[in-house]
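Residue strings, one per chain:
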Amino acid sequence: MAKNSTGAFIGGILLGGAIGTIVGVLVAPRSGRETRQILKKSADALPELAEDLSTTVQFQADRLSESAVQNWEGTLERLKEAIAAGLDASQLKAQELNEMRNIAAKPTSSSEQRD
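Worth saying up front: this structure is predicted, and the values here are computed from it rather than measured.

**A word on the overall build of the protein**
A count of helices and strands for the protein gives three helices and zero strands. Along the protein, helices and strands appear, N-terminal first, in the series α-α-α. For the protein, buried positions account for 0% of its 115 residues. Carbon and sulfur atoms make up 62% of the accessible area of the protein, which amounts to about 10,600 Å² in all.

Spelled out as structure tokens, the structure:
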């Protein structure tokens, strides 16, 4: 069943393409010679257009690549700063906790023991 649908679809594409070509030739506003000359000029210009397009795409890719690297470097720098700040804060908190433990672990004085 699927093979018949695929065959019918391909047949429809071929038939539509043939009909479109015939109608296009019949209603073309130019003669065949003029149309061929225009097509030849267009075909001759294609390599230059392709080169221009390639250059433009390469330029855009390079620019995006540089932008991505700059963004990554900025993100990496902020991440390093955040890690350093986190380490500093954790070391400070550890010192505070150690001081609190030391205070709590000190034996009470003799006057406090009598009360």
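Still more to cover.
**Looking at helix α2 (residues 32-105)**
For α2, which comprises 74 residues, the first-to-last C-alpha distance of 104 Å matches the rise-based estimate of 110 Å (1.5 Å per residue) to within 8%. In α2, a bend of some 35° at Leu-46 exceeds every other bend along the element, and Pro-47, a proline, comes one to four places later.

**Brief notes about the pattern of salt bridges**
On inspection of all chains with the given rule, the structure shows two salt bridges. Between Lys-40 and Asp-44 there is a salt bridge, and its shortest N-O distance comes to 3.2 Å. Taken as a pair, Lys-40 and Asp-44 lie in helix α2 at a separation of four residues, close to a single helical turn. Linking Lys-93 and Glu-96 is a salt bridge whose minimum nitrogen-to-oxygen distance equals 3.7 Å.

**Section: a nonpolar patch on the surface**
A cluster of nonpolar side chains, Leu-15, Ile-19, Ile-22, Val-23, Leu-26 and Val-27, forms an exposed patch at the surface whose accessible area comes to about 620 Å². Within the secondary structure layout, Ile-19 lies in helix α1 (residues 2-26).

**Points about the confidence of the model for the protein**
In the predicted model, the protein carries a mean pLDDT of 83, and 90% of its residues have values of at least 70. Element-level pLDDT for the protein is lowest in helix α3 (residues 110-114), with a mean of 51, against a maximum mean of 88 in α2.

Conventions adopted
Residues numbered from 1 in each chain as written. Predicted model: local features only at pLDDT ≥ 70, side-chain atom pairs only at ≥ 80, totals over all residues. Heavy atoms only, no water. Helix = DSSP H or I, 4+ residues; strand = E, 2+ residues; numbered from the N terminus. Buried < 20%, exposed > 50% of the residue type's maximum accessible area, 1.4 Å probe, protein only. Areas by Shrake-Rupley, 256 points an atom, 1.4 Å probe, with all protein chains shown as cover. Expected span 1.5 Å × (residues − 1). Bend = angle between axes of the 7 residues up to and from the residue. Salt bridge = Lys/Arg side-chain N within 4 Å of Asp/Glu carboxyl O. Patch = residues over 30% accessible without salt bridge, like charges linked within 9 Å, V, L, I, M, F, W, Y side chains within 5 Å. pLDDT = per-residue confidence, 0-100.

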